[in-house]
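Residue-level structure breakdown
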Amino acid sequence: MRARTESASQRLERVALNPLARTGTGYRLFVLVLLAVLGWGAYAFVTQLRWGLVSTGMRDQVIWGLYLVNFVFFIGISHAGTLVSAILRVTQAGWRTPVTRMAEMITVVAISVGALMPIIDLGRPDRVWHIVVFGRFQSPLLWDILSITSYLTGSLIYLYLPLIPDIALMRDRLGRDASVIKRRVYTLLAVGWRNTPEQRHRLEKAIGIMAVTIIPIAVSVHTVVSYVFSMTLRPGWDSTVFGIYFVIGAIFSGIASIIIVMVLFRKIFHLEAYITERHVRNLGYLLLVALLLYLYLTVGEYLTTGYKLQVEDKHLLELLLTGANAPWFWLFVIAGMVIPAFLVIVRRGPVIPRMVVAAVLVNVAMWVKRFVIVIPSLQVPLMPFDFGTYRPSWVEWSITAGAFAGFILIFAILAKLIPLISIWEVAEDEQRREPAPLAEAGERSGLRPEEVEALVETALRERRRGQGVR
Amino acid sequence: MIGMRRRLVMAAVASAALLGVAGLSWLATAAHAQSQVPPPYAGVKNPFPWDNPAARDAGKRVYQQSCTGCHGAAGSALPAADFSQAGFHQRLETEPDYFFWVVSEGRPAQGMPAFRSSLSEPQRWQVLTYLWSLSSPAAPGAETPHPGDVFIALTAPQEGTAGQPIVLKAVLRGKDGQPIVGAAVDFAARLYFFTDGSIPMGEAVTDETGVAALTYTPRFSGDVLMAARYETVESTVRVNVAEAEQPFYHPEAGIQLPALGKEVFIGPESARTLGPLGFAPGVSFRLPGGALSWLLIVAAAVALVWATYFRVLYQVLRIPIGSQMGDTDTRLVPAIALAVVIIVGAFLVLKLLTGSYSHFNLGH
Amino acid sequence: MRDRDGARRIGRREFIKWSLGAAGLAILSTPFLSLANRAKADASSPAASARQAAAKPARTIRDWTMVVDLKKCDGCVTIDSAPQCTQACINGHFVPKGQQWIQVYDVELPGGGKSFLPTPCYQCENAPCVNVCPVAATYHNEDGIVLIDHKRCIGCRMCMAACPYHRRFFNWGEPEVPPEAALVEYNPLYPVPAIRGTVIKCMFCAHLLRDGKLPYCVSGCPMKALYMGDLNEDIGTNGAEVVQLSRFLDENDAFRWKENLGTQPRVWYLPGHGQSFNRSADDPRKLQAPVWSWGGDGFDYQIDPLTWQKEPR
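A brief look at the structure comes next.

About the criteria used
- Residues numbered from 1 in each chain as written.
- Chains lettered and ligands numbered in written order.
- Predicted model: local features only at pLDDT ≥ 70, side-chain atom pairs only at ≥ 80, totals over all residues.
- Heavy atoms only, no water.
- Helix = DSSP H or I, 4+ residues; strand = E, 2+ residues; numbered from the N terminus.
- Buried < 20%, exposed > 50% of the residue type's maximum accessible area, 1.4 Å probe, protein only.
- Contact = heavy atoms within 4.5 Å.
- Axes fitted to C-alpha atoms, helices over the stretch in contact; angles between N-to-C directions.
- Parallel < 35°, antiparallel > 145°, perpendicular 65-115°, else oblique.
- Left-handed = near helix turned anticlockwise from the far one by under 90°.
- Buried area = accessible area lost by both parts, 1.4 Å probe.
- Salt bridge = Lys/Arg side-chain N within 4 Å of Asp/Glu carboxyl O.
- Polar contact = N/O pair within 3.5 Å; in protein donor to acceptor, adjacent residues only side chain to side chain.
- Nonpolar A, V, L, I, M, F, W, Y, C, P; charged D, E, K, R; others polar.
- Pairing = 2+ DSSP bridges.
- Phe/Tyr/Trp six-rings, centres within 6.5 Å; stacked < 30°, edge-to-face > 60°.
- Lys NZ or Arg CZ within 6 Å of the ring centre and 35° of its normal.

With respect to the environment of Trp51(A)
- With respect to the helices and strands, Trp51(A) occurs in helix α2 (residues 25-51).
- Among the residues examined, Trp51(A) registers a relative accessible area of 13% and is labelled buried.
- On a C-alpha basis, the gap between Trp51(A) and Asp172(A) in space is 53 Å, while along the polypeptide they are 121 residues apart.
- In contact with Trp51(A), other than residues within four places in its own chain, are Trp172(C), Gly173(C), Arg196(C), Ile303(C), Trp308(C) and Lys310(C).

Description of the packing of helix α13 (residues 326-345) of chain A against helix α14 (residues 351-379) of chain A
Residue and element names in this part refer to chain A.
- Direction vectors running N to C along α13 and α14 enclose 155°, while the axes themselves pass 8 Å from each other. Judged on the interaxial angle alone, α14 and α13 are roughly antiparallel. Judged by the twist between their axes, the crossing of α13 over α14 is left-handed. Between α13 and α14, the contacting residues are Trp 328, Phe 329, Leu 331, Phe 332, Ala 335, Gly 336, Ile 339, Pro 340, Leu 343 and Val 344 on the first element and Arg 354, Met 355, Val 357, Ala 358, Leu 361, Val 362, Ala 365, Met 366, Val 368, Lys 369, Phe 371 and Val 372 on the second.

Observations regarding the interface of chain B and chain A
- Taken together, the contact between chain B and chain A spans 38 residues of the former and 36 residues of the latter.
- Both faces combined, the contact of chain B with chain A buries some 3300 Å², and carbon together with sulfur accounts for 70% of it.
- Applying the counting rule to chain B against chain A returns 0 salt bridges.
- Remark: the boundary between chain B and chain A carries 7 residue pairs in polar contact (both at pLDDT 80 or more).
- Secondary-structure elements contributing two or more residues to the side of chain B that touches chain A are α7 (294-317), β11 (324-325), β12 (328-329) and α8 (332-354) of chain B.
- Broken down by element, the side of chain B that touches chain A gets its largest block of residues, 13 residues, from α7(B).

What to know about the interface of chain A and chain C
- Chain A puts 46 residues into the contact, and the matching count from chain C is 53 residues.
- Here chain A packs against chain C, burying approximately 4300 Å² in sum over the two surfaces, 60% of which is carbon and sulfur.
- Looking at the side of chain A facing chain C, the largest losses of area belong to Trp51(A), Asp60(A) and Met383(A), adding up to 17% of the total buried there.
- Remark: the boundary between chain A and chain C carries 2 salt bridges.
- Arg157(C) is paired through a salt bridge with Asp121(A); the nearest N and O atoms lie 2.7 Å apart.
- On inspection of chain A and its partner chain C, the count reaches 34 residue pairs in polar contact (both at pLDDT 80 or more).
- Among the elements of the structure, α2, α6 (129-134), α7 (140-173) and α9 (197-230) of chain A are those that each provide at least two residues to the side of chain A that touches chain C.
- Examining the composition of the side of chain A that touches chain C, we find that 7 residues originate from one element, α2(A), more than from any other.
- Each residue belonging to the side of chain A that touches chain C can be placed in one class, and the counts come to 25 nonpolar, 11 polar and 10 charged.

Structural notes on the sheet that holds strand β8 (residues 226-230) of chain C
Residue and element names in this part refer to chain C.
- Read from one edge of the open sheet, 5 strands run β10-β9-β8-β1-β11, paired in mixed fashion. Looking at the sheet topology across the chains shown, the edges are occupied by β10 (242-244) and β11 (267-270). For this sheet the average axis-to-axis angle between neighbouring strands, irrespective of direction, equals 25°.
- Relative to β11, strand β1 (residues 64-69) runs parallel, the two being bridged by 4 bridges. Within β11, the residue paired with Val 68 across the bridge is Tyr 269.

Structural notes on the sheet that holds strand β3 (residues 166-173) of chain B
All names here are of chain B.
- Ordered by their spatial adjacency, 3 strands build an open sheet running β1-β3-β6, and the pairing between neighbours is antiparallel. Sheet topology places β1 (151-155) and β6 (211-216) at the edges, where each strand pairs with a single neighbour. Taken pair by pair, the neighbouring strands of this sheet meet at an average axis angle of 15°, ignoring direction.
- In this sheet, β6 lies alongside β3 in antiparallel orientation, the contact comprising 6 bridges. Within β6, the residue paired with Val 167 across the bridge is Thr 215.

Comments concerning the pairing of strand β2 (residues 103-108) of chain C
- Pairing of β2(C) with strand β3 (residues 114-119) of chain C, which is carried by 6 bridges, proceeds in the antiparallel orientation. Of the residues in β3(C), the one forming a bridge with Glu108(C) is Lys114(C).

Examining the pattern of salt bridges
- Applying the stated criterion across every chain yields a total of 22 salt bridges over all chains.
- For the salt bridge of Arg202(A) with Glu198(A), the shortest nitrogen-to-oxygen distance reads 2.9 Å. Residue Arg202(A) and its partner Glu198(A) are located together in helix α9, separated by 4 residues, close to a single helical turn.
- A relative accessible area of 36% means that Glu198(A) is categorised as partly exposed.
- Between Arg210(C) and Asp211(C) there is a salt bridge, with its nearest N and O atoms 3.7 Å apart.
- On the accessibility criterion, Asp211(C) (48% relative accessible area) is partly exposed.
- Bridged by salt links that share partners, the residues Arg62(C), Asp230(C) and Glu233(C) form one connected network.

What about the packing of aromatic side chains?
- For the structure on display, the rule yields 47 aromatic pairs over all chains.
- On the numbers, 6.1 Å between centres and 70° between planes, the contact of Phe94(C) with Trp294(C) is edge-to-face. Residue Phe94(C) is found in the loop between α3 (84-93) and β2, and its partner Trp294(C) is found in the loop between β11 and β12 (301-303); the two are separated by 200 residues along the sequence.
- For Trp294(C), a relative accessible area of 22% gives the class partly exposed.
- One aromatic cluster is present, formed by Trp64(A), Phe229(A), Trp237(A), Phe242(A), Tyr245(A), Phe246(A), Phe252(A), Tyr294(A) and Phe332(A) through successive ring pairs.
- Here the guanidinium or amino end of Lys310(C) rests over the ring plane of Tyr301(C), the centre of that ring lying 4.5 Å away.

It is worth stressing that arrangement in space is one thing and function is another; only the former is reported here.
This is the structure:
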């Protein structure tokens, strides 16, 4: 048993910086596997470059497939960071601090991977520069470019700003034998941080501005992603509520992603002291709120089209409810809406496994839901011909697997480069909750925080009585 | 015993009485019939002579269009109104106002519609003139004049402009030079549109001087052969119709906001300036919709966002106390980030204002 | 400005001035760059060169439209062949196999029976495809035809998602065309040879119209059911007769397909089921598939992951 000689802040540093210091064989093996999958995905992409999009399963009727599904999915996940970091910061929810760093990381990585997907989907990727030079801003795709560029920049800034004190900490903790390059990089990135009140003030101000700014940008991102679909005349896409529908869906899958990432890293890097059941439970409640909102919007969508049954909408509903896409649709309903709701509401059994299962189910179901949004609307015939069919080819599956592998890989690498918990914010939080001397005293004496508090209360009461103050 | 004289007197009185009754009743019927015709139709007479061939032909056309459905081609389909019956023409001559009234106001109870709105007065008289010919033994059939019998001459301006009315006059003369009145002349334009063809321009009836005048506003342009035809004779004039200054057809797509000027509208946009050889529109500085363009709002929003990034990174730039730490300039990273934000932000706003926009109303 | 340490620092005002100045300069210089660009474009645009070319007035600007007389269209079943309009288009443009730029559908009639619907690109006035293109690769020309610049198209297929009539096709792989196609110089009016990774469709044979000839489908129809018209001159022809468009449409109860979507298509239909050629509505004969005489697989294949060879799907 480790001697209780270190303070709370020292323990925080040790736990948070541990992954950066040590790399186990398990980790190396994991990275190798991810690299292999990513490599196979790259090979599939090369095949596609050589032969054209004929190597996919898309043809003239179902013109968009897994690539756009992945695009919507990853951009959806990216709303994780914004919600947890920015909204919770703005609403001053105190429990958020250990989670913010991971959430911001999810945002940046998800946007990067998601933004690649439409480029992979292009028939002429060699002409991608046309978008930059000849971009036509009356098109929803260009609104995408505007929005995603702004969001990526904003998220990078928003990830970097709270990272500055932590990098300064790492810079200060570097041993004498650290390489020159490492020292240089940390010094540059730490921007001369010396934790003076003036510097803290500036940083807080900057973070505050970003927190408020990034929320409308995030809302606009998934709104314009939805506009790529709802600016067309297809059944199921020709809807006026697509903007908010996609944004709520993004928040929904984003929260689920945070839960998964959080619990995973908690387990792998032993962050149990900082990411507690309370965090997981609170995120679970947020998940439930998002689920109910998404359910409300989904019901609205299908009810309003199902009540009127215009010809093409009727074909679409037939496809979804009883036709070829029915298994996927019902999978989404049951695994994405019903079961997670029960898992959160019914408080039987340990919290964390329940929430993780709910989150995993939600993420899988939301991927399936994006499939159900994109493909069936393209299968419905627009002229008197047959329904279209779509079977993704090995190229599409491989690139999808590669995208997920890349996503996880970048996370794995980032976990080795930056601390997963925002050390200075958590430290600040702890100082705010318990005055440091008492906490340390309590630790040294082996008492639990509640016992220390009770002692302090008693002491204070005695003093007040002695001074005649009620 | 009544004497011979008395018997003769009684017979004379009886026959006179009978005659009188018959005559009276006949008069009464006639008067009754006559008194049925309400004003303004009472007492009207046919302006055309009953045997006028031109009026008859015009009336035949009207009859074939409007009357054969019920009355049949020979006018004998309805027994109650059999125009081909002998003696019908005399009734027409005696009570023209009655028949004119029937045609004009109809007989709703018997299913005869009123034609006062769909046929003009001359047309209704022409129909009656034709009906006269159906029963009159003396009425000749509609004669097709031989080419040698009729002469037609068309006059038209040699130059015209699409969109401006052109007046065409066709003169009809008979064999002996007298004008043919009341004849319907067909006008047509012969032109080339991927193939030779003919567009009907309309019909006009010759007046008392034998001239049929038609005012026609062409939409087509080019070298056109205008033709006037009557029965089997025709006359042509070559007219060069110049193109109009402004096109007639304006494709519309979008919602115009007229009060704010022609350029301002809500809607889709397409090519205004094509690239060379008809390739896609290039890049140019243009604010679609003028000063109230939606683009300016978007550009302002984007500029605001990137200005916020600038402000934030500027705060970061101010964090280092002293620029150096060891031998590294600690303001390097924020300076680079600031430069990137400025460049990317300015570039995005620039692209918004200079994109390859398009306007669907090319040239119109 | 010097800060507390005495080191030289860029003052805030100076910095802002500097950066705004740089950005402003960049923005303000663009009009001059693009004016030069546009002057170049203007000089070589067709209208400008036509004006400069001859004393006669500028080229007639038309507003093309097509009218399909369904009383005359019998799907070419009475002559026992594939629809000749589709076939003529395929032969004339070396259309990649599997694509039918003008496609004849069979439509159910309310009283039972079928009529045929030859469907070229409708060149909509409010074209959804033009509205959504991110690089302005698809656009209207002055005559109202919707063209595609295949050197600009990036193959995102947003226009295909937007088209409510399924009239746009994608060259998924390398299009197989006969060797004579390689001799043609590519032009947006005559998109031959088809370029891989771009969207392609019917262009109303803009190259033929420019030269005063009728499109392949119009001249290829043996029943003379397709009419080419100019909405501006109110005139139309099927190659045999000339009609006044407005009266022709009015007198024959013309309609457009999916009118309520607001796309304002430029193709009108006159109702019928081929009765001019004695085809009754419940004639059981079906449409025949057109032929791509130069063969090929079309895009009906996939790629084997290990051998990188074409395999049937």
